[in-house]
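Spelled out from the first residue to the last, the chains are:
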Amino acid sequence: MNILFTGGSSFSGYWFVRALVMAGHSVTCTLRRPLVSYRESHPRSERVDRLLQIADVVDGASFGDEEFRRLIRRGTDVVAHH
């Protein structure tokens, strides 16, 4: 299943994404900010680094904006708004 997941950089969101990937699903995570803003000093930097290893991460996409709608149109089965 192709899952579009928001909130994957949060503490609980990362664990949801990890569980979905381990269950065999393809997960795309959206980040509202550019990847470069998640540097070492950012509190979510470690989770974002881990997300990049297990999921397709799309930065600069906010819930409902044009990029988000494009991701849905490309073949999303489920939207998980966390």
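Residues numbered from 1 in each chain as written. Predicted model: local features only at pLDDT ≥ 70, side-chain atom pairs only at ≥ 80, totals over all residues. Heavy atoms only, no water.

Of the positions making up helix α2 (residues 45-54), those classed as buried are Ser45, Arg47, Val48 and Leu51. With its buried residues spanning 160° around the axis, α2 presents them on a single face. Residues Glu46 and Gln53 are exposed on α2 and point more than 90 degrees away from its buried face. Here the buried face of α2 lies against α1 (11-22), β2 (26-31) and β3 (56-59). (Buried < 20%, exposed > 50% of the residue type's maximum accessible area, 1.4 Å probe, protein only. Helix = DSSP H or I, 4+ residues; strand = E, 2+ residues; numbered from the N terminus. Arc of directions from axis to C-beta. Contact = heavy atoms within 4.5 Å.)

Quick look at α1 now. The terminal C-alpha atoms of α1, which comprises twelve residues, lie 17 Å apart, in line with the 16 Å expected from a rise of 1.5 Å per residue. Within α1, burial applies to Gly13, Tyr14 and Val17. The buried residues of α1 occupy an angular sector of 100° when projected down its axis, which confines them to one face. Of the exposed residues in α1, the ones pointing more than 90 degrees away from its buried face are Phe11 and Met22. Elements in contact with the buried residues of α1: β1 (2-6), β2 and α2. (Expected span 1.5 Å × (residues − 1).)

Geometric values such as these leave the question of function open.
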